[in-house]
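# Descriptive structure summary
Each chain, letter by letter, is given below.
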Amino acid sequence: MNELKTQENDGSIIDYLASVSDQRRTECETVMSIMRRVTGERPRMWGDSIVGFGRYRYANTKGKEFRWMLTGVAPRKSALTVYIMCGFQPFADLMAQLGRYKTGKSCLYVPQLEMVDLKVLEQLIGRSVDLMRRRYPD
């Protein structure tokens, strides 16, 4: 396996957010505030379009180690993308209460932040981060 394309870096979050629409920037800042509170970590750029919080180490089947964020957010044009790294299966109770969204393997796609319950989103992020920290103690 090659190195991951998306790496933690010293890119400017302020400059990155200045490049997105006002609505997405505001939504991203709201989610970033939740993530900072939940993780106790400062935000960092991952690649050129993801704001991530915390990190964990994991090894692939060949034993090669990688680092990845515990959680993150990306203000995409079509939807705000929230990264829930352990997936959604452990959180069926919260998903039923969240509101309007779509999911990928570990991506929560929110068309507009007002379409989800922010208290439930904070619980989802918090429980996900707790689970990841238990699975991958540093």
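Scope of this entry: the structure provided in the associated data block. (Residues numbered from 1 in each chain as written. Predicted model: local features only at pLDDT ≥ 70, side-chain atom pairs only at ≥ 80, totals over all residues. Heavy atoms only, no water.)

With that settled, the discussion passes to the pairing of strand β5 (residues 65–68). In β5, alternate side chains face the same way, and those of F66 and W68 are buried while those of E65 and R67 on the opposite face are not. Relative to β5, strand β4 (residues 56–59) runs antiparallel, the two sharing four bridges. Counterpart to R57 in the pairing with β5 is R67. The hairpin turn running from β4 into β5, its antiparallel successor, is five residues long, and G63 in that turn takes a positive phi close to 90°. (Buried < 20%, exposed > 50% of the residue type's maximum accessible area, 1.4 Å probe, protein only. Helix = DSSP H or I, 4+ residues; strand = E, 2+ residues; numbered from the N terminus. Pairing = 2+ DSSP bridges.)

This brings us to the packing of aromatic side chains. Applying the stated rule across the entire model yields four aromatic pairs. Here a set of aromatic residues connected by ring pairs shows up, and it is made of Y56, Y58, F66 and Y136. (Phe/Tyr/Trp six-rings, centres within 6.5 Å; stacked < 30°, edge-to-face > 60°.)

Before going further, it helps to spend a moment on the environment of F88. Tracing the chain through its elements places F88 in the loop between β7 (80–84) and α3 (92–98). On the basis of relative accessible area, F88 is assigned to the buried category, the value being 12%. Expressed as a C-alpha distance, the spacing of F88 and E65, which sit 23 residues apart in the sequence, is 24 Å. Among all residues touching F88, those that are not within four sequence positions of it are M95, T103, G104, K105, S106, C107 and L108. (Contact = heavy atoms within 4.5 Å.)

Turning our eyes to something else, we now look at the layout of surface pockets. Estimated volume of the largest pocket: approximately 250 Å³. Along the wall of the largest pocket there are 13 residues; nearest its centre are Y56, W68, M85, K105 and S106. Secondary-structure elements contributing two or more residues to the lining of the largest pocket are β4 and α4 (118–135). For the lining of the largest pocket, the per-class residue count stands at nine nonpolar, two polar and two charged. (1 Å grid on protein atoms, 1.4 Å probe; cavity = no way out; pocket = protein on both sides within 12 Å on 5 of 7 lines; lining within 4 Å. Points joined across faces, edges and corners; volume = space filled by probe spheres on them. Nonpolar A, V, L, I, M, F, W, Y, C, P; charged D, E, K, R; others polar.)

With that settled, the discussion passes to helix α2 (residues 22–39). With 18 residues, α2 should reach 26 Å at 1.5 Å per residue; the first-to-last C-alpha distance of 25 Å fits that figure. Among all positions in α2, only R24, E27, C28, V31, M32, I34, M35 and T39 are buried. Along the axis of α2, the buried residues cluster in a sector spanning 160°; they form a single face. Facing away from the buried side of α2 by more than 90 degrees, the exposed set consists of D22 and R37. (Expected span 1.5 Å × (residues − 1). Arc of directions from axis to C-beta.)

Our next topic: the environment of T6. By the secondary structure assignment, T6 is in the segment before β1 (8–9). We classify T6 as partly exposed; its relative accessible area is 25%.

Attention now moves to the nonpolar core. V31, V73, L108, L124 and I125 are the most contacted members of the largest nonpolar core, which totals 43 residues. Per-element tally for this core: the top contributor is α4, with seven residues. Those residues in contact with V31 that lie beyond four places of it in its chain are V73, L80, V82, L113, L121 and I125. (Core = buried A, V, L, I, M, F, W, Y, C linked by side-chain atoms within 4.5 Å.)

Axis separation between α2 and α4 bottoms out at 10 Å; the angle between their running directions is 40°. It follows from the interaxial angle that α2 and α4 lie oblique. With respect to the hand of their crossing, α2 and α4 are arranged in right-handed fashion. Every residue of α4 that contacts α2 at T30, V31, I34, M35, R37, V38 and T39 is listed here: L118, L121, E122, I125, G126, V129 and R133. Grouping the amino acids of the contact of α2 with α4 by side-chain chemistry returns eight nonpolar, three polar and three charged. (Axes fitted to C-alpha atoms, helices over the stretch in contact; angles between N-to-C directions. Parallel < 35°, antiparallel > 145°, perpendicular 65-115°, else oblique. Left-handed = near helix turned anticlockwise from the far one by under 90°.)

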